[in-house]
Amino acid sequence: MNKKLRSELQAALKSQTDLKISEEHLMQTIRASRMAYQSRRQRERIRYPAFLLRQVRFVGAPVWLLQGFLLLCAFWLFGFGDIGTVSNLAPRHLPVLLGCFAVFIAMTSIPFIGRSAQYRMLETEMATRISIPKLLLTRIFIIGIGNVLLLTVSFLLASTKAEFGAGSVALFLLLPYLVACCGCLFIQAYAHRGYQGFISTAFCFSLTALLFVLYKTAPMVYEQAFAPIWGALCTLCAVILIIGIYRLLDKSASLDLSLNGI
Amino acid sequence: MELTIQELTKRYKDKTAVNNVSLTLTPGVWGLLGANGAGKTTLMRMVAGILTPTSGKVQYDGIEIKTLGEAYRDVFGYLPQNFGFYPEFTVTDYLQYMASLKGLPKKDTNLKIDELLHQLTLADVRSKHIRKLSGGMQRRVGIAQALLNDPDILILDEPTSGLDPGERIRFRNILSEFAQQRIVLISTHIVSDVEYIANRNAIMKDGKIIAVDTTDELVKMMDGKVWQGTIPAEQLHHYERTVRVVSVRNEDGGNVSVRYVAENSSLPNSQATAPRLEDLYLWLFRGEEAVKEDVV
């Protein structure tokens with residue numbers, strides 16, 4: 001039985017303190033309920049894992065194609081090529097390269113998160129069995145799989161080239177990625193509908209520019225001494241991201257709240 | 001099967017879109033008539049469960065739809081007034097996508113899609129991109145998605161907008177067949193759409209339901225208020241300022257035949273004539289024109 005319905009019935013029963021339940025009437029009610037249930041048309045419905053797999057075709061294919069292209073870039077940038085031979089880049093530029101690449105990884109989600117509102121599919125999707133919060137979570141999950149893979153491959157490849165430890169490589173990837181994700185989520189929730197994609201893209205490019213400026217003007221932030229600060233900021237951004245996703249899902253359940261959200 | 005709307009209200013900062021509406025929907029076709037801004041779409045969105053009411057509730061067979069959750073959306077089909085498509089979708093892609101959102105098993109989906117495409121004469125365009133179809137065809141694709149899960153409750157907001165008369169007749173026939181043992185709620189400006197298929201109609205004005213009855217009983221309200229008179233064409237302009245003109249037809253000899261609604265006969269040689277639902281619409285919504293569609 002539906003959990004909400006069960007708890008409402010239990011609450012209603014508790015409020016009837018002087019109610020005497022007849023076992024015979026209870027059995028009759030149970031029999032009648034079963035008959036009523038069985039007389040309704042049986043509707044076979046797929047479970048969530050089957051739904052998730054079917055969404056791969058609609059959401060996964062295009063976003064994974066984009067992420068696949070980035071994966072090739074990762075191999076080119078951090079893997080097969082000697083990084084010293086790439087233009088004027090040198091191994092000491094790896095931290096800022098990792099940061100910029102992480103921002104581009106986050107950007108792969110921009111075309112896909114706000115699609116429902118952009119293409120006026122929101123109302124139709126909201127009225128279906130799956131519900132918008134679950135659909136949004138599915139999209140985030142599918143995009144997230146690709147992002148996690150990209151981050152992992154970049155980390156592994158860069159760790160073999162880096163002059164600093166694996167921990168630092170992880171931080172140089174994670175913090176810009178999390179900041180980009182938090183920024184895009186905030187923009188998705190509050191920016192004017194129709195401009196979210198543009199503003200998110202502009203924000204991410206600004207972030208990469210900021211990383212370069214930081215590297216040029218204050219290169220010491222990329223040193224080991226600042227690692228605890230990077231770690232703390234990563235943790236803070238991760239918490240903000242989780243709260244942001246939770247609020248986005250919560251807002252998306254009703255049309256008047258969700259018009260910007262998705 | 002019963003869908004009960006109880007004292008439903010939706011208030012925004014500057015306006016009350018739906019004001020304490022109560023209605024009980026039983027199996028059959030229900031028409032929801034009203035002018036622009038009457039609150040029809042807001043009401044339908046609340047019944048669809050996608051808009052949170054300020055107060056009141058919607059119950060399906062005695063249980064609030066909020067409590068039913070997925071179970072309600074399972075038996076529900078909805079076509080919004082303004083809907084779109086992802087640009088890369090063909091007709092089949094879109095229906096398969098919607099079928100997956102409705103949780104339909106894959107083996108049933110293809111059969112159902114074929115059936116609906118034939119019923120709505122979309123079989124020839126199944127592989128075409130939706131953005132390349134005409135407005136009427138896009139509307140039929142929208143109707144198809146609403147019917148995918150064989151719903152017990154079907155809510156259609158302006159479903160025939162953009163359809164030509166032949167398509168509207170076909171649509172009416174599909175709906176009439178579908179509505180046996182099901183609840184169908186159609187909101188429309190096109191009075192003739194509900195006049196021929198709706199068992200009962202609810203008329204909405206300024207966020208409130210002002211009348212609920214069968215088409216015949218509603219039309220009876222206009223007994224003695226609908227007139228037909230013939231006047232010289234040059235006098236039409238004068239009378240248009242004094243009576244509510246329903247239709248004008250050119251006659252021989254420079255005259256025009258005027259159908260109008262008024263408490264009493266206002267044109268010379270007028271005769272009372274049998275009222276239609278369209279006359280009631282014009283009588284109730286004096287500031288609005290009903291969409292006059294040819295009766296086919």
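Given the structure is predicted, the values throughout are model-derived calculations rather than measurements. (Residues numbered from 1 in each chain as written. Chains lettered and ligands numbered in written order. Predicted model: local features only at pLDDT ≥ 70, side-chain atom pairs only at ≥ 80, totals over all residues. Heavy atoms only, no water.)

### Describing the overall build of chain A
Applicable threshold: Under the scheme used here, helices are H or I runs from DSSP no shorter than 4 residues and strands are E runs no shorter than 2 residues, and both carry numbers assigned from the N terminus. Whether a residue is buried, partly exposed or exposed follows from its accessible area with a 1.4 Å probe, protein chains only, as a fraction of its type maximum: under 20%, in between, or over 50%, in that order. Contacts were defined at the residue level, with two residues in contact if any of their heavy atoms lie within 4.5 Å. Here the accessible surface of atoms and residues is derived via Shrake-Rupley with a 1.4 Å probe, and residues count as covered only by protein chains that are part of the display.
If you tally the helices and strands in chain A, you get 12 helices and zero strands. Helices and strands appear in chain A in the N-to-C order α-α-α-α-α-α-α-α-α-α-α-α. Residues classed as buried in chain A amount to 43% of the 262 residues present. Relative to all contacts within chain A whose residues are 6 or more apart in sequence, the contacts with residues 24 or more apart total 75%. When the accessible surface of chain A is totalled, it reaches about 14,800 Å², and 68% of it is carbon and sulfur.

### Details of the nonpolar core
All names here are of chain B. Put simply, the test is: As used here, the term nonpolar core means buried Ala, Val, Leu, Ile, Met, Phe, Trp, Tyr and Cys residues forming a set that is joined through side-chain atoms within 4.5 Å. Domain ranges listed in this record stem from an automatic or a database domain assignment.
Core analysis: the biggest nonpolar cluster contains 107 residues, and L3, L43, Y72, Y94 and Y97 have the highest contact counts within it. Here this core takes seven residues from helix α4 (residues 91-101), the largest share from any one element. Taken domain by domain, the makeup of this core includes at least three residues from each of domain 1 (3-219) and domain 2 (224-274). Once residues within four sequence positions are removed from consideration, Y72 is found in contact with L3, V47, A48, Y60, I65 and I153.

### Considering the sheet that holds strand β14 (residues 271-272) of chain B
Residues and elements named next belong to chain B. Convention followed: For two strands to be treated as a pair, DSSP must find no fewer than two bridges joining them. Axes here mean lines fitted to C-alpha atoms, for a helix over just the part in contact, with angles spanning 0 to 180 degrees between N-to-C directions.
Spatially, β12-β13-β11-β14 is the arrangement adopted by the four strands of the open sheet, whose pairing is antiparallel. Two strands bound the open sheet, and with one partner strand each, they are β12 (244-250) and β14. Relative to strand β13 (residues 255-261), β12 runs antiparallel, the two being bridged by six bridges. When the sheet's bridge partners are listed, V248 is paired in β13 with V258. Seen against the sheet, helix α11 (residues 277-284) touches β11 (226-232), β12 and β13 and runs at an angle of roughly 135° to β12.

### A few points about the pairing of β11 of chain B
Residue and element names in this part refer to chain B. Where β11 meets β13, seven bridges bridge the pair, whose relative direction is antiparallel. Looking at β13, one finds that V226 is bridged to V261. The sheet contact formed by β11 and β14 spans two bridges and is antiparallel. Within the sheet, the bridge partner assigned to W227 lies in β14 and is A272.

### A closer look at the sheet that holds strand β5 (residues 63-64) of chain B
Residues and elements named next belong to chain B. Taken in spatial order, the four strands line up as β2-β1-β4-β5 in an open sheet, and their pairing is antiparallel. With partners counted over all chains shown, the strands left at the sheet margins are β2 (16-25) and β5, one partner each. In this structure, strand β1 (residues 3-11) lies alongside strand β4 (residues 55-60), joined through five bridges in antiparallel fashion. Note that in β4 the partner of I5 across the bridge is V58. In this fold helix α1 (residues 40-48) packs onto β1, β2 and β4, with an angle of close to 125° to the strand it touches most, β1.

### A word on a nonpolar patch on the surface
Residue and element names in this part refer to chain A. The test is simple: Nonpolar side chains (Val, Leu, Ile, Met, Phe, Trp, Tyr) within 5 Å and like charges within 9 Å form the patches, drawn only from residues with over 30% relative accessible area and no salt bridge. Note on definitions: salt bridges are taken to be side-chain nitrogens of Lys or Arg within 4 Å of carboxyl oxygens of Asp or Glu.
A surface patch of nonpolar side chains, about 510 Å² in accessible area, is lined by L13, L19, I21, L26, M27 and I30. Of the residues forming the nonpolar patch, the biggest block, three residues, is contributed by helix α2 (residues 23-39). The residue I21 is located in the loop between α1 (3-15) and α2 in this model.

### Regarding the packing of aromatic side chains
We describe a pair of aromatic rings using the distance from one ring centre to the other and the angle between the two ring planes. How we decide: In summary, the pairing rule links any two rings of Phe, Tyr or Trp, Trp by its six-membered ring, whose centres are within 6.5 Å, and it sorts them by plane angle into stacked for under 30 degrees, edge-to-face for over 60 and tilted for everything else. Put simply, a charge is over a ring when the Lys NZ or the Arg CZ is close to the ring centre, within 6 Å, and near the line of the ring normal, within 35 degrees.
For the structure on display, the rule yields 19 aromatic pairs over all chains. On the basis of an interplanar angle of 75° and a centroid distance of 5.8 Å, the ring pair of Y86 of chain B and Y97 of chain B is categorised as edge-to-face. One end of the pair, Y86 of chain B, is in the loop between β6 (76-79) and α4; the other, Y97 of chain B, is in helix α4, with 11 residues separating them in the sequence. Within the aromatic cluster, the residues linked to one another by ring pairs are F58 and Y119 of chain A together with F83, F85, Y86, F89, Y94 and Y97 of chain B. Across the ring face of F178 of chain B, the terminal group of R182 of chain B is positioned such that the distance to the ring centre comes to 4.4 Å.

### Here we look at the packing of helix α4 (residues 94-107) of chain A against helix α10 (residues 196-217) of chain A
All names here are of chain A. We count it as follows: Roughly parallel here means an angle under 35 degrees, roughly antiparallel means over 145, roughly perpendicular means 65 to 115, and every remaining angle is called oblique. Residue polarity is assigned by list, with Asp, Glu, Lys and Arg as charged and Ala, Val, Leu, Ile, Met, Phe, Trp, Tyr, Cys and Pro as nonpolar; anything else, Gly included, falls into the polar class.
It is at 9 Å that the axes of α4 and α10 come closest, and there the two elements cross at 175°. Compared by their axis directions, α4 and α10 come out roughly antiparallel. On α10, the residues that touch V96, G99, C100, V103, F104 and M107 of α4 are T201, C204, F205, L207, T208, L211, F212 and Y215. Tallied by class, residues from the contact of α4 with α10 come to 11 nonpolar, three polar and no charged.

### Some remarks on the confidence of the model for chain A
To keep it simple, the criterion reads: The predictor attaches a confidence to each residue, called pLDDT, with possible values from 0 through 100.
Across chain A, pLDDT averages 84, with 90% of residues at or above 70. Highest mean pLDDT in chain A belongs to α10 of chain A (93); lowest belongs to helix α12 (residues 255-258) of chain A (60).

### So, the environment of H118 of chain B
Residues and elements named next belong to chain B. This is how the line gets drawn: In protein, a polar contact means a hydrogen-donor-capable atom and an acceptor-capable atom, both N or O and within 3.5 Å, with residues adjacent in sequence counting only if both atoms are side-chain atoms; elsewhere, any N or O pair within 3.5 Å suffices.
Tracing the backbone through its elements, the reader meets H118 in helix α5 (residues 106-119). When its relative accessible area of 55% is taken as the criterion, H118 is described as exposed. With 53 residues separating them in the primary sequence, H118 and F171 have C-alpha atoms 13 Å apart. Among the polar contacts made by the side chain of H118, one reaches the main-chain carbonyl oxygen of D114 at a distance of 3.0 Å.

### Digging into the interface of chain A and chain B
Basically, it comes down to this: Simply put, the buried area is the total loss of 1.4 Å probe accessible area from both parts when two parts are fitted together.
Listed by partner, the interface residues are 35 residues for chain A and 48 residues for chain B. Across the chain A to chain B interface the summed buried area is about 3,800 Å²; carbon plus sulfur atoms make up 48%. Three residues stand out in chain A for area buried against chain B, namely R54, E123 and R129 of chain A, and they jointly supply 18% of the buried area on that side. Linking chain A to chain B there are six salt bridges. For the pair chain A and chain B, the interface holds 20 residue pairs in polar contact (both at pLDDT 80 or more). Breaking the side of chain A that touches chain B down by element, the ones donating at least two residues are α1, α3 (48-80), α6 (115-118), α7 (122-126), α8 (132-161) and α12 of chain A. When residues of the side of chain A that touches chain B are assigned to their parent elements, the largest contribution, five residues, is made by α3 of chain A. Counted by class, the side of chain A that touches chain B contains 11 nonpolar, seven polar and 17 charged residues.

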